[in-house]
Amino acid sequence: MTEEINYTDAHKELQEIVSEMENSEISIDVLDTKIKRASELLKICKDKLFKTEKNVQDILEEIRNYSVDNGK
């Protein structure tokens, strides 16, 4: 089950892991754990982006379908 974490925190943690990997700051002993965590964070970010995009599309569709008669 995915933990409850907001997008900003998940993205920040993911950036930290990537930075550690790029700078060779992660030992082989913890690399597997970091990669698994990065995968979880990517799923969290992707899910939140997908849900937000869907909500925006629904709102835009509602606006497109709005007529003055519906608002009275």
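Residues numbered from 1 in each chain as written. Predicted model: local features only at pLDDT ≥ 70, side-chain atom pairs only at ≥ 80, totals over all residues. Heavy atoms only, no water.

K.L.:
Any chance you could explain the overall build of the protein here in plain terms?
P.N.:
Helix and strand counts for the protein come out as 2 helices and 0 strands. The buried share among the 72 residues of the protein stands at 14%. A sequence separation of at least 24 residues applies to 69% of the contacts in the protein between residues at least 6 apart. Total accessible area computed for the protein in this model is approximately 6,200 Å², and 53% of it derives from carbon and sulfur atoms. (Helix = DSSP H or I, 4+ residues; strand = E, 2+ residues; numbered from the N terminus. Buried < 20%, exposed > 50% of the residue type's maximum accessible area, 1.4 Å probe, protein only. Contact = heavy atoms within 4.5 Å. Areas by Shrake-Rupley, 256 points an atom, 1.4 Å probe, with all protein chains shown as cover.)

K.L.:
Would you mind going over the pattern of salt bridges with me for this structure?
P.N.:
Two side chains bearing opposite charge may form a pair once their charged atoms approach each other closely. All told, the structure shown has 8 salt bridges when counted by the stated rule. The residue Lys 54 makes a salt bridge to Asp 58 at a minimum N-O spacing of 2.8 Å. On the criterion of helical spacing, the pair formed by Lys 54 and Asp 58 is a turn pair, its members being 4 residues apart in helix H2 (residues 28–65). Salt bridges here are not isolated pairs; linked through shared partners, they connect Glu 13, Arg 37 and Glu 40. (Salt bridge = Lys/Arg side-chain N within 4 Å of Asp/Glu carboxyl O.)

K.L.:
Honestly, a nonpolar patch on the surface in this entry has me stumped. Any pointers?
P.N.:
A contiguous nonpolar surface patch, about 370 Å² in accessible area, is contributed by Val 56, Ile 59, Leu 60 and Ile 63. Within the element layout of this structure, Ile 59 appears in helix H2. (Patch = residues over 30% accessible without salt bridge, like charges linked within 9 Å, V, L, I, M, F, W, Y side chains within 5 Å.)

K.L.:
Would you mind showing me how to read the nonpolar core here?
P.N.:
For soluble globular proteins, nonpolar side chains are generally found buried alongside one another. With 8 residues, the main nonpolar core is built from Ile 5, Ala 10, Leu 14, Ile 17, Ala 38, Leu 41, Ile 44 and Cys 45. Listing elements by their share of this core, those giving two or more residues are helix H1 (7–22) and H2. Ranked by residue count, the leading element in this core is H2, at 4 residues. Sequence-distant contacts of Leu 41, defined by excluding residues within four places in its chain, comprise Ile 5, Ala 10, Glu 13, Leu 14 and Ile 17. (Core = buried A, V, L, I, M, F, W, Y, C linked by side-chain atoms within 4.5 Å.)

K.L.:
Honestly, unusual backbone geometry in this entry has me stumped. Any pointers?
P.N.:
Working note: non-glycine residues mostly have negative phi, and peptide bonds are mostly trans. Here Ser 24, not a glycine, exhibits a phi torsion of approximately 55 degrees, which is positive. Along the polypeptide, Ser 24 turns up in the loop between H1 and H2. What makes Ser 24 exposed here is its relative accessible area of 66%.

None of this, on its own, says anything about what the molecule does.
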